[in-house]
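# Structural overview
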Amino acid sequence: MIQLSFNHLIYLVEAARWTILLSVIAFVGGAIVGLPIALMRVSKSAALRGIAWGYIQLIQGTPLLIVLFLSYFGLGILGYKLDPLVAAGLSFTFYAAAFLGEIWRGCIEAVPKTQWEASDCLGLNLFQQYAYVILPQALRIAIPPTVGFMVQIVKNTSLASVIGFVELARAGQIVNNSTFEPFAIFTAVAAIYFVLCYPLSVAARTLERRAHAGRS
Amino acid sequence: MPAALEQANESVVSVKDVIKEFGPLRVLDGVGLEVERGQTVAIVGRSGSGKSTLLRCIAGLETVQGGSITVCGHPVGRPGSAARAQLRRDVGMVFQSYNLFPHLNVERNITLALTLVKKESKGEAKRRAAEVLAMVGLTDKIASYPEQLSGGQQQRVAIARSLALQPQVMLFDEVTSALDPELTAEVLGVMENLAHQGMTMISVTHEMGFARRVADVVVFMHQGKVWETGPTAEVFANPRTAEFKQFVGSEL
Amino acid sequence: MSYKFDFEFLAERWPDFVAGAWLTIQLTVLSIALGFLVGTLCALARVYGGPVLRRLAGGYVEIIRNTPLLIQIFIVYFGLSSLGLKLSAEVSAVLALTINMGAYTTEIMRAGIESIQRTQLEAADCLGLTRLQTILHVVLLPAMERVYPSLGSQGVLLMLASSITSQISAEELTATANLVQSDTYRSFEVYVIVAVVYLALSALYRLGFWAIGLILFERRRRLGTPL
Ligand SMILES: Nc1ncnc2c1ncn2[C@@H]1O[C@H](COP(=O)(O)OP(=O)(O)O)[C@@H](O)[C@H]1O
Ligand SMILES: [Mg+2]
């Protein structure tokens, strides 16, 4: 019979706070690194484009789990203490930056060429063109897919459990080790993830629809 | 038209008091129509008068709210019924937008139904495809894909595809209205040949010249009703209603 | 930095990596194929099905897409066995990966199927094709061609995500790495090797999808134009 106690559920919900924290770190870190990656991808310099492209191919062609292990053990090689939070934060930053960079590149390229030409004619320099003309427009296009990608981030933070970071998935394993009710526990864990992710999915879809309606 | 005279009175399509509604909108309001074997019927009328809907009802693509339709003595029937399967053997339909299958080449577009529906062997089906393509003058396009053909050629393939199934009656819904004048002529030429060979045809058309030259009977639709009908020469010579007079005047 | 890289363990352990990679390929090719089947059926249910079927397929997609694969794998492997349905790690892996791939494929194929115009269905109907014949010969192939790039990307993502099945000790590539690193203590080197193998597998899978596309889409092969 299901013997999942109220205390266990509280423990899981509390662990979900770490899932949210990891997600925020991943998103902020991914955004900070991802924007330069996106700008490099559309740069005039072939070298910058190539580096950004290579980075994206590398991350998108490797399992996130392996990136996590590499960060974790790589930190050790560099002489740092093996800290799961640091390793997870780094890995998710690398990971999110590659995907956000690729998503945002598409959004920047979706801004009509004429906007570049028009702002060029006004005498704006490259920085001004990006800051005042291109990025504000790209931002609007970028919001729906970015929100959609947040769902991937939240779900993928579950992998931090593998290097011993106690977030929601790891908390589920810990509870399971004492109660041996895997079906009930992992279903509860899945339900909590669902509560975190589903609103984001719905928001992404709604924003997407609204953007389409606005454009046509 | 010897064929038509010989077998006069054999009704191929019989439409009686048909009512068709889309929600609150009554699109066909008690329509009747009799088409005899070998006849060519031209349906004309303003846009929105219900011409396409009538044709789609005969083809079983729409369900009617009242009245009855029979083709070769069989009721139109429901999707999936034996009567519907019979209807599919008797009726061929050609659309304004050709509706060829874009991923299949010309030959496969034609042989698809022959092998799947008529269960013909590949060889038989291919022979038949070559035959009907010759009839529409496109023998050399047998291996082409739809996107490689002009609109007129695509429409001729669509006619050939229908023809291959040897229907008792062919329905044409404004098959030339998406085409340039030159391409229109080649498609109308094919249809005229068919009419001369004795095919029973119902054609919704804007081409008054074609209607006058080829059709045995003209049906003028207006506000969901058969407003005026009769033998082509007669109807055009003595229009009875003001609406038809005005319509003929505006189409000149 | 005084660390010395040492790949010597490869001389002895390379057959383990090969075996792990081979299991990864087997698990994921099977899951991608089965997931495609499940996803296509669910997509058909979502587009052409009645209200009940549509809801069921929609619920399946939402549940799977909004929960982590890791937890899905735990539910299939630990959860089902606690309910009395004991599956091996490999079977559990294929089951969980198939369910996961199926949900994403449903959404992808739905977009493809919805792009097929109603007039195509009417034309097929007028030619006398049954509903099943219409779906098989008129709908599916063009639908698939339109969304084929997304299907391919999803397949590669699934192959990479299969590394998560190492957590239920399916002896695939990542689990092999975990084992070798705990034997040799050359953790970083082991995961570098495995990362390279995964990169190669990604390229291989992309190549595979491209080749299958060539075989499937004859018109595209001949003309090179998008549908
Ligand atoms: N599927 C439909 N749903 C709602 N209204 C329709 C539909 N098809 C046709 N109609 C309406 O029925 C009327 C007749 O249409 P149609 O038969 O296409 O006319 P025609 O072919 O003579 O131009 C029009 O007012 C049209 O808007
Ligand atoms: Mg019409």
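Keep in mind the model is a prediction, meaning the values are calculated, not measured. (Residues numbered from 1 in each chain as written. Chains lettered and ligands numbered in written order. Predicted model: local features only at pLDDT ≥ 70, side-chain atom pairs only at ≥ 80, totals over all residues. Heavy atoms only, no water.)

Time to look at the overall build of chain A. A tally of helices and strands in chain A yields 8 helices and 0 strands. Counting only C-alpha atoms and orienting by the principal axes, one finds that chain A spans roughly 70 × 50 × 25 Å. Out of the 216 residues belonging to chain A, those deemed buried represent 45%. Within chain A, residue pairs in contact and separated by at least 24 positions form 73% of the contacts whose partners lie at least 6 positions apart. In the form shown here, chain A has an accessible surface area of approximately 10,700 Å², with 68% of it arising from carbon and sulfur atoms. Between the averaged position of the 14 positive side-chain charges in chain A and that of its 9 negative side-chain charges there is a distance of 5 Å. (Helix = DSSP H or I, 4+ residues; strand = E, 2+ residues; numbered from the N terminus. Buried < 20%, exposed > 50% of the residue type's maximum accessible area, 1.4 Å probe, protein only. Contact = heavy atoms within 4.5 Å. Areas by Shrake-Rupley, 256 points an atom, 1.4 Å probe, with all protein chains shown as cover. Lys, Arg positive; Asp, Glu negative; His and termini not counted. Charge placed at Lys NZ, Arg CZ, Asp CG, Glu CD.)

As a further point, take the UniProt feature "domain: ABC transmembrane type-1" (unreviewed entry) in chain A. Per the UniProt annotation, the sites labelled "domain: ABC transmembrane type-1" (unreviewed entry) are residues 16-204 of chain A. Along residues 16-204 of chain A the backbone is 83% helical and 0% strand, and the end-to-end C-alpha distance reaches 22 Å. (UniProt positions renumbered as here; feature names shortened; annotations may be inferred.)

Quick look at the side chain of Glu 107 of chain C now. All names here are of chain C. Examined against the element boundaries, Glu 107 turns out to sit in helix α4 (residues 89-114). There is a polar contact of 3.2 Å between the side chain of Glu 107 and the side chain of Arg 110. With near-sequence residues (within four places) excluded, Glu 107 lies in contact with Arg 46, Val 61 and Arg 65. (Polar contact = N/O pair within 3.5 Å; in protein donor to acceptor, adjacent residues only side chain to side chain.)

We now examine the UniProt feature "domain: ABC transmembrane type-1" (unreviewed entry) in chain C. Per the UniProt record, "domain: ABC transmembrane type-1" (unreviewed entry) is annotated on residues 21-209 of chain C. Strand forms 0% of residues 21-209 of chain C and helix 84%; the C-alpha atoms that close the span are 18 Å apart.

It is worth spelling out the sheet that holds strand β5 (residues 74-75) of chain B at this point. All names here are of chain B. The strand order β2-β1-β4-β5 describes an open sheet built from 4 strands, whose pairing is antiparallel. Sheet topology places β2 (25-36) and β5 at the edges, where each strand pairs with a single neighbour. Bridge count for strand β1 (residues 11-22) against strand β4 (residues 66-71) is 5 bridges, and the pairing is antiparallel. By the bridge assignment for β4, Val 13 is matched with Val 71. (Pairing = 2+ DSSP bridges.)

Now for the UniProt feature "transmembrane region" (unreviewed entry) in chain A. Residue and element names in this part refer to chain A. Summarizing the sequence annotation, UniProt attributes the feature "transmembrane region" (unreviewed entry) to residues 20-40, 52-73, 85-104 and 183-201 in the numbering used throughout. Helix makes up 100% of residues 85-104 and strand 0%, whereas the separation of the span's terminal C-alpha atoms amounts to 27 Å. With 100% helix and 0% strand, residues 183-201 has its two end C-alpha atoms placed 25 Å apart.

Chain C puts 39 residues into the contact, and the matching count from chain A is 36 residues. Summing the contributions of chain C and of chain A, the shared interface buries around 3,100 Å²; its carbon and sulfur component is 76%. Between chain C and chain A we count 1 salt bridge in total. A salt bridge links Arg 205 of chain A to Glu 62 of chain C; its shortest N-O distance comes to 2.8 Å. Our count for the contact surface shared by chain C and chain A stands at 5 residue pairs in polar contact (both at pLDDT 80 or more). Every element with two or more residues in the side of chain C that touches chain A is listed here: α2 (51-65), α3 (69-82), α6 (131-161), α7 (173-184) and α8 (187-216) of chain C. Counting residues per element, the side of chain C that touches chain A draws most heavily on α8 of chain C, which supplies 10 residues. (Buried area = accessible area lost by both parts, 1.4 Å probe. Salt bridge = Lys/Arg side-chain N within 4 Å of Asp/Glu carboxyl O.)

Turning our attention to the interface of chain B and chain C. Contacts between the two partners involve 23 residues from chain B and, on the opposite side, 22 residues from chain C. Roughly 2,100 Å² is buried in total at the junction of chain B and chain C, and carbon and sulfur atoms are behind 62% of that figure. Between the two partners, chain B and chain C, sit 3 salt bridges. Asp 125 of chain C is the salt-bridge partner of Arg 88 of chain B, the closest N and O atoms lying 3.1 Å from each other. Remark: the boundary between chain B and chain C carries 8 residue pairs in polar contact (both at pLDDT 80 or more). Elements that contribute at least two residues to the side of chain B that touches chain C include exactly α3 (82-90), β6 (91-94) and α4 (106-116) of chain B. Sort the elements by how many residues they give to the side of chain B that touches chain C and α4 of chain B lands first, with 3 residues. Residue composition of the side of chain B that touches chain C, grouped by class: 13 nonpolar, 4 polar and 6 charged. (Nonpolar A, V, L, I, M, F, W, Y, C, P; charged D, E, K, R; others polar.)

Below, the discussion takes up the pattern of salt bridges. All names here are of chain B. For the coordinates displayed, the defined rule picks out 25 salt bridges over all chains. A salt bridge links Lys 20 to Glu 62; its shortest N-O distance comes to 3.8 Å. Linking Lys 20 in strand β1 with Glu 62 in the loop between α2 (51-58) and β4, this pair joins segments that are 42 residues apart in sequence. Residue Glu 62 is classed as buried on the basis of its relative accessible area of 16%.

Let's shift gears to the state of the cysteines. Counting across every chain of the model gives 0 disulfides over all chains. Considering cysteine sulfurs only, Cys 126 of chain C is the nearest to Cys 57 of chain B, which forms no disulfide, with 12 Å between them. (Disulfide = S-S within 2.5 Å.)

Right, let's get into the packing of α4 of chain C against α6 of chain C. All names here are of chain C. Taken N-terminus to C-terminus, the directions of α4 and α6 make an angle of 140°; their axes are 8 Å apart at the nearest point. When you trace α4 past α6, the crossing you get is right-handed. Each of Leu 97, Asn 100, Met 101, Tyr 104, Thr 105, Ile 108, Met 109, Ala 111, Gly 112 and Ile 113 in α4 lies in contact with α6, whose residues at this interface are Val 139, Leu 140, Ala 143, Met 144, Val 147, Ser 150, Leu 151, Gln 154, Gly 155 and Leu 158. In terms of residue class, the contact of α4 with α6 is made up of 14 nonpolar, 6 polar and no charged. (Axes fitted to C-alpha atoms, helices over the stretch in contact; angles between N-to-C directions. Left-handed = near helix turned anticlockwise from the far one by under 90°.)

Residues and elements named next belong to chain B. Taken together, Phe 22, Leu 25, Val 27, Arg 46, Ser 47, Gly 48, Ser 49, Gly 50, Lys 51, Ser 52 and Thr 53 make up the full set of residues near ligand 1. Between an oxygen atom of ligand 1 and a main-chain N or O atom of Gly 50, the distance comes to 3.1 Å. The set of elements that each furnish at least two residues to the shell around ligand 1 consists of β2 and α2. Of all the elements, α2 adds the most residues to the shell around ligand 1, at 3 residues. Grouping the amino acids of the shell around ligand 1 by side-chain chemistry returns 3 nonpolar, 6 polar and 2 charged. (Near = heavy atom within 4 Å.)

Residue and element names in this part refer to chain A. For Ile 37, the location among the structural elements is in helix α1 (residues 6-41). On the basis of relative accessibility, which here comes to 8%, the residue Ile 37 falls in the buried class. Filtering out sequence-adjacent residues up to four positions away, Ile 37 remains in contact with Ala 52, Tyr 55, Ile 56, Ala 97 and Gly 101.

Right, let's talk about the UniProt feature "transmembrane region" (unreviewed entry) in chain C for a bit. Within the UniProt annotation, "transmembrane region" (unreviewed entry) is assigned to residues 20-48, 69-89 and 190-217 of chain C. Counting secondary structure, residues 69-89 of chain C comes out at 71% helix and 0% strand; the distance between its end C-alpha atoms is 15 Å.

Moving on, we come to the packing of aromatic side chains. Two measures describe an aromatic ring pair: the distance that separates the ring centres and the angle between the ring planes. Across all of its chains, the model carries 23 aromatic pairs over all chains by this definition. When the ring of Phe 73 of chain A is compared with that of Tyr 191 of chain C, the centres are 5.7 Å apart and the planes differ by 10°; the resulting orientation is stacked. Of this pair, Phe 73 of chain A sits in helix α3 (residues 64-77) while Tyr 191 of chain C sits in helix α8, placing the two residues on different chains. The pair Phe 73 of chain A / Tyr 191 of chain C is uniform in exposure class, with both members buried. Note on Phe 99 of chain A and Phe 149 of chain A: the rings are 5.6 Å apart at their centroids and 15° apart in plane angle, and the pair reads as stacked. Taken as a pair, Phe 99 of chain A in helix α4 (residues 84-110) and Phe 149 of chain A in helix α6 (residues 126-156) lie far apart in primary sequence, 50 residues in all. Residue classification places Phe 99 of chain A among the buried residues on the basis of a relative accessible area of 18%. Taken together, the aromatic side chains of Phe 69, Tyr 72 and Phe 73 of chain A together with Tyr 191 of chain C make up a single cluster linked through ring pairs. Taking the ring centre of Phe 101 of chain B as reference, the NZ or CZ of Arg 161 of chain B above it sits at 4.6 Å. One cation-aromatic arrangement involves Arg 131 of chain C over Tyr 48 of chain C; the distance from NZ or CZ to the ring centre is 5.8 Å. (Phe/Tyr/Trp six-rings, centres within 6.5 Å; stacked < 30°, edge-to-face > 60°. Lys NZ or Arg CZ within 6 Å of the ring centre and 35° of its normal.)

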